[in-house]
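Overview (structure and organization)
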Amino acid sequence: MTEVLSAASDREDGAQPIRRRNAGPTREDLEMIERTRAARDLLASKWKVDLLYLLARGAQRYSRLYDNLRGASKKMLTDSLRGLERDGFVERSVYPEVPVRVEYSLTTLGWAATELLMTLAEWADEHLADVEQARVRYRQTAAPHPIGQADFDGLQAA
């Protein structure tokens, strides 16, 4: 792949842009990758994403969140909520009642992350069928894998 080093509009003499073959990533590319990785790592746990979606419905008590997260253990729920609270996505409110009532709700930062997740969900609605079609085409045209197709299928499932 070639990379344009200067745009044609930048060249006053009208010459073609200078091109390099197989140029490595720029500093800006690497910084963008690092920022994206850091943001992705904030929500790496599937339970954190699920919790943001659930909390977008409004403040929730721990037991209600637990009931709606099928497959999550209480420890995973607690760890995920603490991580979201630590990172500023969720606010934990304690009400001095008998018994004590604790509710979790999204912060402004949590709402911003939820908006991003909604955009991702919209992308999925539009494009997951295309991804599945590409996978089918790939399976139909891909050369046999050196470790064997059965092994390759097992790796895909993992």
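Our subject is the structure listed above.
Only a predicted model underlies this, so the values are computations on that prediction, with no experimental measurement involved. (Residues numbered from 1 in each chain as written. Predicted model: local features only at pLDDT ≥ 70, side-chain atom pairs only at ≥ 80, totals over all residues. Heavy atoms only, no water.)

1. Digging into the sheet that holds strand β5 (residues 101–106)
Here we have 3 strands laid out as an open sheet, ordered β3-β5-β4, and antiparallel in their pairing. Two strands in the sheet have a free side with no partner beyond their single neighbour: β3 (60–61) and β4 (90–95). In this structure, β3 lies alongside β5, joined through 2 bridges in antiparallel fashion. Each bridged residue has a counterpart across the sheet, and for Arg61 the counterpart in β5 is Glu103. The strands touched by helix α2 (residues 46–55) within the sheet are β3, β4 and β5, with β5 carrying the most contacts at an inclination of about 95 degrees. (Pairing = 2+ DSSP bridges. Helix = DSSP H or I, 4+ residues; strand = E, 2+ residues; numbered from the N terminus. Contact = heavy atoms within 4.5 Å. Axes fitted to C-alpha atoms, helices over the stretch in contact; angles between N-to-C directions.)

2. Let's talk about the nonpolar core
Leu51, Leu52, Leu65, Leu84, Val90 and Tyr104 are the most contacted members of the largest nonpolar core, which totals 19 residues. Listed by contribution, the elements that provide at least two residues to this core are α2, α4 (74–86), β5 and α5 (108–141). Broken down by element, the residue count for this core peaks at 5 residues, all from α2. Those residues in contact with Leu65 that sit more than four places away from it in its chain are Leu51, Leu54, Leu55, Gln60, Leu77, Leu81 and Tyr104. (Core = buried A, V, L, I, M, F, W, Y, C linked by side-chain atoms within 4.5 Å. Buried < 20%, exposed > 50% of the residue type's maximum accessible area, 1.4 Å probe, protein only.)

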